[in-house]
Amino acid sequence: MRPFHILLVLFAILSLVALVLMLRWERRNFIQHGKGGAWLSVRLATIPIALTTAALIIIPARSTSGMEGLAVFYFLLLVIAPAFWFGAHWIVGKFVQPTLNFKESVQIAGSPIALIIVMTMIAHTLQPIAWSILRSMGKA
């Protein structure tokens, strides 16, 4: 395995650790408010919601040819997908017991997105350092 791949694997492991820590914090927060079971139900519903959101973007974009397909992709990605993502979490939050209000459902839906944004910012911050390390090793 090359040093560059090792750096990528280390960052992936760091990202997974951050995800676990975020989920533990979020779970603890909802348990303190007596909504731990509702949190788990909505969090588990995130998996099929994510798959449905991906299908909602990919299927129409791939079935549209040419540059219009790119326009459809961006429209779905930037407008329809976020509305569906947050709306689906809100609907699931309404059906669990005890029910979650809109703010709690948005917190559950938004926390993975916020984590992705933070991890992207960290990756961009660490990128020059990683390239310097690789250059000093003579591998870049």
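Structure report, in brief. (Residues numbered from 1 in each chain as written. Predicted model: local features only at pLDDT ≥ 70, side-chain atom pairs only at ≥ 80, totals over all residues. Heavy atoms only, no water.)

## Regarding the side chain of Ser111
Right, on to step 1. By the secondary structure assignment, Ser111 is in helix H4 (residues 102–136).
Right, on to step 2. Relative accessible area serves as the criterion here: at 11%, Ser111 is assigned to the buried category.
Right, on to step 3. A polar contact is formed between the side chain of Ser111 and the side chain of Arg43, at a distance of 3.0 Å.
Right, on to step 4. With near-sequence residues (within four places) excluded, Ser111 lies in contact with Met22, Glu26 and Arg43. (Helix = DSSP H or I, 4+ residues; strand = E, 2+ residues; numbered from the N terminus. Buried < 20%, exposed > 50% of the residue type's maximum accessible area, 1.4 Å probe, protein only. Polar contact = N/O pair within 3.5 Å; in protein donor to acceptor, adjacent residues only side chain to side chain. Contact = heavy atoms within 4.5 Å.)

## Quick notes on helix H2 (residues 36–63)
Since the α-helix packs 3.6 residues into each turn, any two residues three or four apart lie on the same face.
Right, on to step 1. Taking 1.5 Å of rise per residue, 28 residues should cover 40 Å, and H2 covers 41 Å from first to last C-alpha, within 8% of that figure.
Right, on to step 2. Of all the bends found along H2, the most pronounced is centred on Ile47 and spans about 30 degrees, while Pro48, a proline, follows it within four residues.
Right, on to step 3. Those residues of H2 not exposed but buried are Gly36, Ala38, Trp39, Val42, Arg43, Ala45, Thr46, Ile49, Thr53, Ile57 and Ala61.
Right, on to step 4. Of the surrounding elements, those touching the buried residues of H2 are helix H1 (3–32), helix H3 (66–95) and H4. (Expected span 1.5 Å × (residues − 1). Bend = angle between axes of the 7 residues up to and from the residue.)

## What about the pattern of salt bridges?
Right, on to step 1. One pass over the structure, following the stated rule, counts two salt bridges.
Right, on to step 2. A salt bridge links Arg43 to Glu26, with the nearest nitrogen and oxygen atoms 2.7 Å apart. Of this pair, Arg43 sits in helix H2 while Glu26 sits in helix H1, and the two are 17 residues apart along the sequence. An identical accessibility class is assigned to Arg43 and Glu26; each is buried.
Right, on to step 3. Across the salt bridge formed by Lys35 and Glu104, the nearest N and O atoms sit 3.0 Å from each other. (Salt bridge = Lys/Arg side-chain N within 4 Å of Asp/Glu carboxyl O.)

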